[in-house]
Every structure is written in C-alpha cells, then in structure tokens.
Amino acid sequence: MTVYYRFGFIFMQELICNIEFDQDEDTYVAKLRTEMGGLREYTAKTFEEVLNLVMIELQEEFA
C-alpha cells in the first residue's frame with residue numbers, strides 16, 4: 001500500500017490486480033493475478049476478445 005499527500009489530502013493507493021498482455025503470432029494472451037483468485041491466463045484471437053474476458057472476470061470477482 002502506498003500513501004501520499006497532495007493538495008492537503010492524504011491518498012492511499014493499493015494494488016488490487018496485475019495484468020500482463022502478450023501477443024504470439026496469431027493469439028493474444030492475458031495473465032491476470034489477484035489476491036483472491038491467484039494467477040489465471042486467458043487466450044483469444046483478438047485483443048478485444050481477451051480484454052473482454054479479463055473485464056468479465058474482474059467484474060465477477062469484485063462485484
């Protein structure tokens with residue numbers, strides 16, 4: 001957790017997930033890591049598809 005001071009206010013910043021995107025020849029890969037879910041990997045033919053998979057997973061986990 002990071003705490004910083006700006007404009008007279010104290011802000012706290014906490015890392016809730018880590019996402020890495022990679023591209024092979026014809027597929028996109030996303031590696032998602034959270035405290036609750038651990039490490040998961042998603043693959044798709046387009047970046048939009050793999051991004052959508054990650055967004056759905058995060059919505060379900062943090063809803």
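Right, let's walk through the structure included here. Bear in mind that the values here come from a model prediction, so they are computed numbers and not experimental data.

Structural notes on helix α1 (residues 47-62)
The terminal C-alpha atoms of α1, which comprises 16 residues, lie 22 Å apart, in line with the 22 Å expected from a rise of 1.5 Å per residue. Among the residues making up α1, those that are buried are Val50, Val54, Leu58 and Glu61. Taken end-on, α1 shows its buried residues confined to a sector of 70°, consistent with a single buried face. Those residues of α1 that are exposed and aimed more than 90 degrees away from the buried face are Glu48, Gln59 and Glu60. For α1, the elements touching its buried residues are β3 (17-23), β4 (28-34) and β5 (38-44).

Quick notes on the environment of Arg40
Mapping Arg40 onto the fold places it in strand β5. Note on Arg40: relative accessible area 14%, which makes it buried. At 3.2 Å, the side chain of Arg40 and the backbone oxygen of Gly37 are in polar contact.

Details of the pattern of salt bridges
Using the criterion set out here, one finds three salt bridges in the structure. A salt bridge links Lys45 to Asp26, with the nearest nitrogen and oxygen atoms 3.7 Å apart. Of this pair, Lys45 sits in the loop between β5 and α1 while Asp26 sits in the loop between β3 and β4, and the two are 19 residues apart along the sequence. Here Glu57 ties to Arg40 by a salt bridge, and the two come within 3.7 Å at their closest N and O atoms. Here Arg40 lies in strand β5 and Glu57 lies in helix α1, a separation of 17 residues in the sequence. Each of Arg40, Glu57 and Glu61 takes part in salt bridges that share partners, so that together they form one network.

Rules used throughout
Each chain carries its own residue numbering, running from 1 in the written order of its sequence. Residues qualify for local features only when their pLDDT is at least 70, as the model is predicted, and side-chain atom pairs are given and counted only at 80 or more; totals for whole chains, interfaces and linings, by contrast, use all residues. Note that water and hydrogens are dropped before the side-chain values are worked out from all heavy atoms of the structure. Going along the chain from the N terminus, every DSSP run of H or I of four or more residues is numbered as a helix, and every run of E of two or more is numbered as a strand. To estimate the expected span of a helix, subtract one from its residue number and multiply by 1.5 Å. The buried label applies to any residue whose accessible area, calculated with a 1.4 Å probe on protein chains only, is under 20% of its type's maximum; exposed applies above 50%, and partly exposed to all values in between. Taken from the helix axis, the directions to the C-beta atoms give the arc we talk about. Contacts are residue-level and defined by heavy atoms, with any inter-residue pair within 4.5 Å sufficient. Any pair of N or O atoms that falls within 3.5 Å is considered a polar contact. Within protein, one atom must be able to donate a hydrogen and the other to accept it, and sequence-neighbouring residues count only if both atoms are side-chain atoms. A side-chain nitrogen of Lys or Arg and a carboxyl oxygen of Asp or Glu constitute a salt bridge if their distance falls within 4 Å.

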